[in-house]
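Each chain, letter by letter, is given below.
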Amino acid sequence: MILNEGKPVAKSVCVIAEFQRGGFRSSTFEVASEGRKIADGLGCELCAIALGAGVAERAPELGRFGVDRVFVTDEPFLEHYLAEVYVPVIADVLGRIEPAAILLPASADGKDLGASLAGRLREGLAQDCTEIVCDASGLKARRPVFGGGCDAWCKWAPGAIPIITCRPNTMDCSGPDMHRSAETIRIGVEKPRPRSEVLSVQLEGSGGVELTEASIIVSGGRGMQGAENFAMLEELAGELGAAVGASRAAVEANWRPYADQVGQTGKIVSPALYIAVGISGSIQHFAGMGSSKCIVAVNNNPEAPILGKADYAVLEDLFEFIPLLTEEVRKIRSGIA
Ligand SMILES: Cc1cc2nc3c(=O)[nH]c(=O)nc-3n(C[C@H](O)[C@H](O)[C@H](O)COP(=O)(O)OP(=O)(O)OC[C@H]3O[C@@H](n4cnc5c(N)ncnc54)[C@H](O)[C@@H]3O)c2cc1C
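Calculation criteria
What you see as residue numbers is a count from 1 along each chain, following the sequence as written. Residue-level local features of this predicted model are given only where pLDDT is at least 70; pairs of side-chain atoms are given and counted only at 80 or more, and the full residue set underlies all totals for whole chains, interfaces and linings. Where side-chain values are given, they derive from all heavy atoms of the structure, hydrogens and water being excluded. Secondary structure elements are taken from DSSP: a helix is a run of H or I of four residues or more, a strand is a run of E of two residues or more, and numbering for both begins at the N terminus. The globule rule used here is 2.2 Å times the number of residues to the 0.38 power, and the radius of gyration it is set against is calculated over C-alpha atoms. To sort residues, take the accessible area from a 1.4 Å probe on protein chains only and compare it with the maximum for the residue type: under 20% means buried, over 50% means exposed, and anything in between is partly exposed. Note on contacts: a residue pair qualifies if any of its non-hydrogen atoms lie within 4.5 Å across the two residues. Think of it this way: Lys and Arg go in the positive column, Asp and Glu in the negative one, and His and the chain ends go nowhere. Positions of charges follow a simple convention, taking NZ of Lys, CZ of Arg, CG of Asp or CD of Glu. DSSP-based pairing: two strands are paired if at least 2 bridges between them are found. Only protein atoms enter the 1 Å grid, on which a cavity is a set of points fitting a 1.4 Å probe that cannot get out and a pocket is an open set with protein on both sides within 12 Å along at least 5 of 7 lines, lining residues being those with an atom within 4 Å of a point. Grid points are joined across faces, edges and corners, and a volume is the space filled by probe spheres set on the points. Only Asp, Glu, Lys and Arg are considered charged, only Ala, Val, Leu, Ile, Met, Phe, Trp, Tyr, Cys and Pro nonpolar, and every remaining residue, Gly among them, polar. Here, proximity means that at least one heavy atom of the residue falls within 4 Å of the molecule or strand. N or O atoms closer than or at 3.5 Å make up a polar contact, with two conditions inside protein: a donor-capable atom paired with an acceptor-capable one, and, for residues adjacent in sequence, both atoms drawn from side chains. A 1.4 Å probe and the Shrake-Rupley method give the accessible areas. Residues count as covered only by the protein chains that appear here. Stacked, edge-to-face and tilted are the three classes for Phe, Tyr and Trp ring pairs, Trp counted by its six-membered ring, which pair at centre distances within 6.5 Å; planes under 30 degrees apart are stacked, over 60 edge-to-face, the rest tilted. For a lysine, the NZ atom is tested; for an arginine, the CZ atom; a charge sits over a ring if that atom is within 6 Å of the ring centre and within 35 degrees of the ring normal.

1. A look at the overall build of the protein
A count of helices and strands for the protein gives eight helices and 17 strands. Since a compact globule built from 337 residues should have a radius of gyration of about 20 Å, the 21 Å found for the protein is in line with a globular shape. Along the three orthogonal principal directions, the C-alpha set of the protein runs to about 65 × 45 × 40 Å. With 337 residues in all, the protein has 51% of them scored as buried. Nonlocal contacts in the protein, meaning residues at least 24 apart in sequence, comprise 65% of its contacts between residues at least 6 apart. Counting 32 positive and 43 negative side-chain charges, the protein places the averaged centre of each group 5 Å from the other.

Shown next as structure tokens:
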């Protein structure tokens, strides 16, 4: 299919990989899988651009998710994301590819990079998309707006290059015939002289599991009554392999760091399972977790809005219910139940 009228036939769908602390983030694999489906729809190849320190040896992993070619720049100064360093390198590679579309994870770095690239290339950006459709009229991307109350479909003019950031956990990583033996192409760059430098990156909150990529999240709100009671949620999260999140009320009370906040002014998450404990379900909180596949709410107030929005509503005192639930999960995991 020819996307660009009057321009050369676009040759590739391009994924910008996110490489951190020695590995690709799982959202990169999701985006690559989505890119594979689009590339198949357009009848073109899928390439990836991977920047980082030590990324070269991991680059072939992207082949498992449908990538045909990986353009790799592996330099110590690329260890941490910095727009003024990453954007010129990526823009240079994109200039060689003639991309049909550019896809990135909608992580904090991905959204920043997407916006910077859109400005640099003067192309249109759709942030935090949950679905991409490829048909005879080109690409369309769906993005939740107004706190998740509506969906907007974004479309690009003929000849434009869609730049799309994809919300983690919303796109399917599996698909038939994904596997490719990705060819690695090394791209050398001169060390830039940026005006700023990232000295170190410190991970906060979420109990070691990245909130936006977690497939299970246990979140606590004002009903937790104090920072110390979050130990109960951490224990449950530990059994489930989950991340711990929080409502803004819990964050504002200094019970949890801001990095844990879910909602309109916090993180947007889409886990397979979201357990809301002592959270009323304000529209601002719902804006951050409403696209979760399954919502379980634990609340002792039958009038709490979250109970009406949840797939499973547990009308119980959380201080009685959570320890029982943790115990049951523990039994199931150890094969006793
Ligand atoms: C511009 C703006 C942006 C905002 N952004 C965000 C955001 O990003 N994220 C966010 O979360 N909020 C956000 N808010 C705040 C939001 O409006 C709510 O105030 C907040 O979400 C309430 O948090 P909560 O549900 O923990 O507290 P509450 O609304 O006080 O709810 C506590 C719940 O705990 C239950 N409970 C109490 N004790 C128990 C018990 N023992 N057992 C079981 N249940 C119990 C209660 O029944 C109640 O439903 C924003 C607000 C504004 C104006």
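So that's the structure; there's more coming.
2. Considering the pairing of strand β1 (residues 12-16)
With respect to burial, β1 is a largely interior element, five of its five residues being buried. Bridge analysis of β1 against strand β6 (residues 99-105) gives four bridges, and the strand direction is parallel. When the bridges of β6 are listed, S12 appears paired with P99. Pairing analysis gives five bridges linking β1 to strand β4 (residues 45-52), with the strands arranged parallel. Of the residues in β4, the one forming a bridge with S12 is E45.

3. Some remarks on empty space enclosed by the protein
All told, the structure shown has one cavity of 30 Å³ or more when counted by the stated rule. Roughly 30 Å³ of volume is contained in the largest cavity. Forming the boundary of the largest cavity are S27, E30, V31, C166, R167, P168 and M171. A total of three residues in the lining of the largest cavity trace back to one element, the largest contributor, which is helix α1 (residues 26-42). Across the lining of the largest cavity, the residue classes break down as four nonpolar, one polar and two charged.

4. Things to note about the site of the ligand
Around the ligand, the structure places 26 residues, and the nearest of them are R222, S247, T265, S280 and N299. In this structure, T265 approaches the ligand through a side-chain N or O atom, which is 2.6 Å from a nitrogen atom. Note that an oxygen atom of the ligand is positioned 2.6 Å from one of the side-chain N or O atoms of S280. Protein chains bury 75% of the 980 Å² of accessible surface belonging to the ligand in isolation.

5. Points about the environment of S107
Relative to the helices and strands, S107 is located in the loop between β6 and α3 (108-121). In sequence terms S107 and P88 are 19 residues apart; their C-alpha atoms lie 20 Å from each other. Not counting chain neighbours up to four residues away, the residues in contact with S107 comprise E18 and R25. Of note is the side chain of S107, whose polar atom sits 2.6 Å from the side chain of E18.

6. Focus on the packing of aromatic side chains
Counted under the stated rule, the structure contains four aromatic pairs. Taking 6.2 Å as the distance between ring centres and 65 degrees as the angle between the ring planes, the aromatic pair formed by F24 and F29 counts as edge-to-face. When sorted by exposure, F24 lands in the same class as F29, which is buried. Between F29 and F65, the aromatic rings sit 4.3 Å apart at their centres with planes inclined by 15 degrees, giving stacked as the arrangement. Highlighted residues: F29 in helix α1 and F65 in the loop between β4 and β5 (69-74), separated in sequence by 36 residues. Note on F29: relative accessible area 12%, which makes it buried. On the basis of relative accessible area, F65 is assigned to the buried category, the value being 11%. Joined through ring pairs, the aromatic side chains of F19, F24, F29 and F65 make up one cluster. Positioned above the aromatic ring of W153, the side-chain terminus of K140 is 5.6 Å from the ring centre. One cation-aromatic arrangement involves K309 over F286; the distance from NZ or CZ to the ring centre is 4.6 Å.

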